[in-house]
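Topology and contacts: notes
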Amino acid sequence: MKLPAAMLSGFAALVLSGLLAACTVVVDDGPDYRPPRPERSHACTAHYVPVCARRGRDRQSFANSCMAERAGYRVVRQGLCRGEFENGGDGQAFCTREYAPVCASRRGETRTFPNACEARAARWRVVANGPC
């Protein structure tokens, strides 16, 4: 007696699914096993809420607490660190992109900057509003 092809394929599928159902794997990692923690996102917003943060003896200002923590620093207080103005300890500036040109000087040289914050962040002294 010859079985139709449709019955043979259905029978084969039934046998294969039975075999796969019988194959189970049990993994026992012991009573102290904890699944790995998902990595935290290191993306920070661009909100400017300056903080003073510390890592060891190094203090630095950051635009916000997320950026400080991302860099491995611990926030010690709100606001810029003492002696800093609108820029971080490593020259990282937090200036707006407004165009309000200023003339600045340093060691006898003068230069035009797009705004006062940019000039101070580059360690130049603003001497006049407007281009040089």
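Above this text sits the structure in question.
Basis of the calculations
Residues numbered from 1 in each chain as written. Predicted model: local features only at pLDDT ≥ 70, side-chain atom pairs only at ≥ 80, totals over all residues. Heavy atoms only, no water. Phe/Tyr/Trp six-rings, centres within 6.5 Å; stacked < 30°, edge-to-face > 60°. Lys NZ or Arg CZ within 6 Å of the ring centre and 35° of its normal. Disulfide = S-S within 2.5 Å. Helix = DSSP H or I, 4+ residues; strand = E, 2+ residues; numbered from the N terminus. Pairing = 2+ DSSP bridges. Axes fitted to C-alpha atoms, helices over the stretch in contact; angles between N-to-C directions.

Quick notes on the packing of aromatic side chains
Across all of its chains, the model carries two aromatic pairs by this definition. The positively charged end of Arg 111 is found above the aromatic ring belonging to Trp 124, 5.8 Å away from the centroid.

Some words on the state of the cysteines
Should the sulfur atoms of two cysteines be covalently bonded, the bond is a disulfide. Under the criterion given, the structure shown has three disulfides. Each sulfur of the disulfide joining Cys 52 and Cys 81 lies 2.1 Å from the other. Measuring the twist about the S-S bond at about 100°, one finds the Cys 52-Cys 81 disulfide to be right-handed. Of the two residues, Cys 52 is situated in strand E1 (residues 51–55) and Cys 81 in the loop between strand E3 (74–78) and strand E4 (102–106); the sequence distance between them amounts to 29 residues. With a sulfur-sulfur separation of 2.0 Å, Cys 103 is cross-linked through a disulfide to Cys 132. Torsion about the S-S bond of the Cys 103 and Cys 132 cystine: about 105°, corresponding to right-handed handedness. Of the two residues, Cys 103 sits in strand E4 while Cys 132 sits in the segment after strand E6 (125–129), which places them 29 residues apart along the sequence.

Thoughts on the sheet that holds E4
The three strands lie next to each other as E5-E4-E6, forming an open sheet whose pairing is antiparallel. Across the chains shown, the open sheet's two edge strands, defined by having one partner strand only, are strand E5 (109–113) and E6. In this sheet, neighbouring strand axes are inclined to one another by 35° on average, regardless of whether the strands run parallel or antiparallel. Both E4 and E5 contribute to a ladder of five bridges, which runs antiparallel. Across the sheet, Ala 104 pairs through a bridge with Arg 111, a residue of E5.

What to know about the sheet that holds E3
If you walk across this open sheet you meet the three strands as E2-E1-E3, and the pairing is antiparallel. Edge positions in the sheet fall to strand E2 (58–62) and E3, since each of these pairs with one other strand and no more. Sheet twist, expressed as the mean angle between neighbouring strand axes with direction ignored, is 30°. Bridge analysis of E1 against E3 gives four bridges, and the strand direction is antiparallel. In the sheet register, Arg 54 faces E3, and the bridge partner there is Arg 74.

Geometric descriptors of this kind do not, in isolation, establish any biological role.
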